[in-house]
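What follows is each chain in one-letter form.
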Amino acid sequence: MQPVPSNVLEIMLIRKFSGMSPAGFGLRLSQKFLFLLFLSGLITLCFGALFLLPDSSRFKRIFLPRAQTAEGEPDTSAKKVPGKAVKGVDRKHEIHPHQWKTRDRLRDSSKFITSAEKLGLKVPPYGQEGGSPRRGRQEEEEEEEAAVAENGAGAAAAGQDETPWAQRKRPSFKFDYQRFRQALQNPPLGKGAEAEDADICTKRLKIKEMMRFAWDNYKRYAWGKNELRPLTKNGHVGNMFGGLRGATIVDALDTLYIMGFKEEFQDAKEWVEKGLDLNVNGEASLFEVNIRYVGGLLSAYYLTGEEVFRTKAIELGEKLLPAFNTPTGIPRGIINLGNGMSWSWGWASAGSSILAEFGTLHLEFLQLSQISGNPLFTEKVMNIRQVLKRIEKPHGLYPNFLSAVSGNWVQHHVSVGGLGDSFYEYLIKSWLMSARTDREAKEMYYEALEAIEANLVKKSAGGLTYIAEWRGGILDHKMGHLACFSGGMIALGAEDAAEEKQQHYLDLAAELTRTCHESYVRADTKLGPEAFRFDSGAEATATRLSERYYILRPEVVESYMYMWRMTHDPKYRAWGWEVVKALEKHCRLETGFSGIRDVYSTTPSHDNVQQSFFLAETLKYLYLLFSEDDLLALDDWVFNTEAHPLPINHVTVNIGEQQ
Ligand code: DMJ
């Protein structure tokens, strides 16, 4: 007798194989195969459906081990932190309700605890965040979910105190500014010795005049806006800073200060006090806000001790923190400062985060912890480093796109120019800023540099050394203007390399700087293109129309400045002066400086933007090139990637010290 069917599956099977005994089946081989195929498909489907259940479902917990309940792809390299999309919130605004796990992971790291303790910051005992005893995991999860549901994405991860730092009840913390100043080996502005050479003095004065001209025109036509449009004599808002305004003011603060523009500096300070509104909505780039605004405010504070800069830097830094609420702790690229929502760039591979962006926060965030006493900033960037340290690197290289959800590389495009550049810069500068105690950063830097040299550094037929880009193993023989910072970076790090490599790195730095100089020399305007190539017979020239522009970028003069400080070879000053003359000839308009559309044409076509980094970086590096070495001495300062000087922590903090 046939058994009474007890479920749908059996009914289907009986219908399908009607006339056969389900016990014995009596099937032909091909039928058995079909049956097994169908059955295994069904089981896979049911198992897969488990992943769609919410984390809290008991059914899910029975069948899946905890670690597999995270959202995202399997991750073999980086330890994962589970997270999931929040119902009712747009996917691009997903937040991570299990933030406490990140903290657990950090607590496991003796390295981090060493750092936090050296900061003099109290890390409460495990399970006692916020003073409450440790609760059950389920209880915590339920609370986290409730908090998220109640507050939306801007509430950031539950378990993290979201009360603004300034309003929190906490033991008073005072950053000892005087102690910091006393620890500097040189006065920030140097001993004030004038260069003996009158010609050098004249050149420095000329650069000062250019700064005043750029500033005055910004002030006259675009005050409070982000950048000046010199042709149309108005302000440029741009879309990188969300609702933030005054990018030129904040970016220019330290340049005004070191050049001795006292009145202008006071105007700028007053605007920061009264005009810099941080409670604004809009899509801001985490990276740009960090390097220009946070970096600019930090430098202004360290140079002057004015409290307004410290307070604003911390307040702004806190507004960036919700971007880190992702399953891995790798921040997303865009943040709304008003409501804390964050998401990835639409154009980035599969909504991933960009190496040069999340890898260029370390210096500023460590300084934020130092001046605020809030260890959260340090925790965030230390976590980024741990993710990067653990992940497998193809040929030792760091690809440009990483999933903030899974912690895996999204594709294998490697570049020392755009998308990758300042990540490498921040490794060596982290080592230097820690007063040479952050050995982890140092090791990561030299390992990365070796991989770059082995895989990307090439010599052209004409004998020019360049750094190519890498696309999953295939080389693109192009170097971007952005990659021209590498000469300066490699020179800066040469002294700390293994003894037998020091001269080699200095030589490599000199060769790369010469190549970038050649890209300028070979252009009719004597200003370099956005990218230049070494294929199809090209040698350091742009071959595509779209790569012929120059937007007042600093990277080439930045390398001249470092090479000058390292070697005192007068050719670097000579090359810097060529740039000054070219800027005056092709970029100076009646009402400010502008980028140009084609460096190979002397018929002017201006892009009508005076970039804020022209005042922050290009003019500052030129000024330093023609100044004494004790003006912002490299023994005391590292420059962030926007040329804002941050102090080397001689006494106050030794963040990241490894034993
Ligand atoms: C600047 O904002 C910074 O130097 C950044 O690291 C790269 N791009 C610009 C200048 O070119």
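Calculation criteria
- Residues numbered from 1 in each chain as written.
- Predicted model: local features only at pLDDT ≥ 70, side-chain atom pairs only at ≥ 80, totals over all residues.
- Heavy atoms only, no water.
- Near = heavy atom within 4 Å.
- Polar contact = N/O pair within 3.5 Å; in protein donor to acceptor, adjacent residues only side chain to side chain.
- Areas by Shrake-Rupley, 256 points an atom, 1.4 Å probe, with all protein chains shown as cover.
- Nonpolar A, V, L, I, M, F, W, Y, C, P; charged D, E, K, R; others polar.
- Phe/Tyr/Trp six-rings, centres within 6.5 Å; stacked < 30°, edge-to-face > 60°.
- Lys NZ or Arg CZ within 6 Å of the ring centre and 35° of its normal.
- Axes fitted to C-alpha atoms, helices over the stretch in contact; angles between N-to-C directions.
- Helix = DSSP H or I, 4+ residues; strand = E, 2+ residues; numbered from the N terminus.
- Parallel < 35°, antiparallel > 145°, perpendicular 65-115°, else oblique.
- Left-handed = near helix turned anticlockwise from the far one by under 90°.
- Contact = heavy atoms within 4.5 Å.
- Pairing = 2+ DSSP bridges.
- Disulfide = S-S within 2.5 Å.
- Buried < 20%, exposed > 50% of the residue type's maximum accessible area, 1.4 Å probe, protein only.
- pLDDT = per-residue confidence, 0-100.
- Salt bridge = Lys/Arg side-chain N within 4 Å of Asp/Glu carboxyl O.

Comments concerning the site of the ligand
Then, number 1: Looking at the ligand, the residues that line it are Ile-291, Arg-292, Leu-482, Arg-553, Pro-554, Glu-555, Phe-613, Glu-617, Thr-641 and Glu-642.
Then, number 2: Within the side chain of Thr-641, a nitrogen or oxygen atom sits 2.7 Å from an oxygen atom of the ligand.
Then, number 3: Coverage of the ligand by the protein chains reaches 92% of its 300 Å² of free accessible surface.
Then, number 4: Taken together, the residues of the shell around the ligand sort by class into four nonpolar, one polar and five charged.

Concerning the packing of aromatic side chains
Then, number 1: Counted by the stated rule, this structure contains 33 aromatic pairs.
Then, number 2: Chaining the aromatic ring pairs together yields one cluster made of Phe-175, Tyr-177, Phe-180, Tyr-301, Tyr-302 and Trp-637.
Then, number 3: Across the ring face of Trp-223, the terminal group of Lys-219 is positioned such that the distance to the ring centre comes to 5.9 Å.
Then, number 4: Residue placement shows Arg-588 over the ring face of Phe-213; its charged tip is 3.8 Å from the ring centre.

Considerations on the packing of helix 11 (residues 286-304) against helix 12 (residues 307-320)
A pair of packed helices is captured by two measures, namely the crossing angle of their axes and the spacing between those axes.
Then, number 1: Helix 12 packs onto helix 11 with a crossing angle of 155 degrees between their chain directions and a minimal axis gap of 8 Å. Classified by the angle their axes make, helix 11 and helix 12 are roughly antiparallel. The handedness of the crossing between helix 11 and helix 12 is left-handed. Only Phe-309, Arg-310, Lys-312, Ala-313, Leu-316 and Leu-320 of helix 12 make contact with helix 11, whose side of the interface consists of Leu-286, Val-289, Asn-290, Tyr-293, Val-294, Leu-297, Leu-298, Ala-300, Tyr-301 and Thr-304.

Describing the sheet that holds strand 9 (residues 413-414)
Strand pairing in a sheet relies on backbone hydrogen bonds. The paired strands run either parallel or antiparallel.
Then, number 1: Taken in spatial order, the three strands line up as 9-12-13 in an open sheet, and their pairing is antiparallel. Edge strands, defined here as strands with exactly one partner in the open sheet, are strand 9 and strand 13 (474-476).
Then, number 2: Where strand 9 and strand 12 (residues 469-471) come together, two bridges link them in antiparallel fashion. Of the residues in strand 12, the one forming a bridge with Val-414 is Trp-470.

A closer look at the state of the cysteines
Disulfide: a covalent bond formed between the sulfur atoms of two cysteine residues.
Then, number 1: For the structure on display, the rule yields one disulfide.
Then, number 2: The disulfide partner of Cys-484 is Cys-516, and the S-S distance across this bridge is 2.1 Å. Every disulfide takes its handedness from the sign of the S-S torsion; for Cys-484 and Cys-516 that torsion is -90 degrees, giving left-handed. Separated by 32 residues along the polypeptide, Cys-484 in the loop between strand 14 (478-480) and helix 18 (486-494) and Cys-516 in helix 19 (residues 499-521) bring together distant segments of the chain. Like Cys-516, Cys-484 is buried.

Quick notes on the confidence of the model for the chain
Then, number 1: Confidence in the prediction of the chain, expressed as mean pLDDT, is 81, and 74% of residues score 70 or more.
Then, number 2: Contacts for the low-pLDDT stretch residues 50-160, under 50 throughout, to residues beyond four places or in other chains number 185 contacts.
Then, number 3: A low-confidence stretch, residues 653-659 stays under pLDDT 50, and its non-local contacts, those more than four residues away or across chains, total 29 contacts.

Description of the pattern of salt bridges
Then, number 1: A full pass over the atoms with the stated rule returns 29 salt bridges.
Then, number 2: Between Asp-476 and Arg-533 there is a salt bridge, with the nearest N and O atoms lying 3.4 Å from each other. Highlighted residues: Asp-476 in strand 13 and Arg-533 in strand 15 (residues 531-533), separated in sequence by 57 residues. Of the two residues, Asp-476 and Arg-533, neither departs from the other in class, the shared state being buried.
Then, number 3: A salt bridge links Arg-548 to Asp-598; the shortest N-O distance between them is 3.0 Å. In this pair, Arg-548 sits in the loop between strand 15 and helix 20 (555-567) while Asp-598 sits in the loop between strand 17 (592-593) and helix 22 (612-625), placing the two residues 50 residues apart along the sequence.

Some thoughts on the sheet that holds strand 8 (residues 409-411)
Then, number 1: Overall, antiparallel pairing links the three strands, which are arranged 6-7-8 in an open sheet. One side of each edge strand has no neighbouring strand; the edge strands of this open sheet are strand 6 (353-354) and strand 8.

Re the packing of helix 14 (residues 362-372) against helix 16 (residues 421-433)
Then, number 1: Relative to each other, helix 14 and helix 16 sit at 30 degrees, their axes nearing to 9 Å. Comparing the axis directions of helix 14 and helix 16 gives the class roughly parallel. Where helix 14 approaches helix 16, its residues His-362, Leu-363, Glu-364, Leu-366 and Gln-367 are matched on the opposing element by Tyr-426, Lys-429, Ser-430 and Met-433.
Then, number 2: Among the residues forming the contact of helix 14 with helix 16, the class breakdown is four nonpolar, three polar and two charged.

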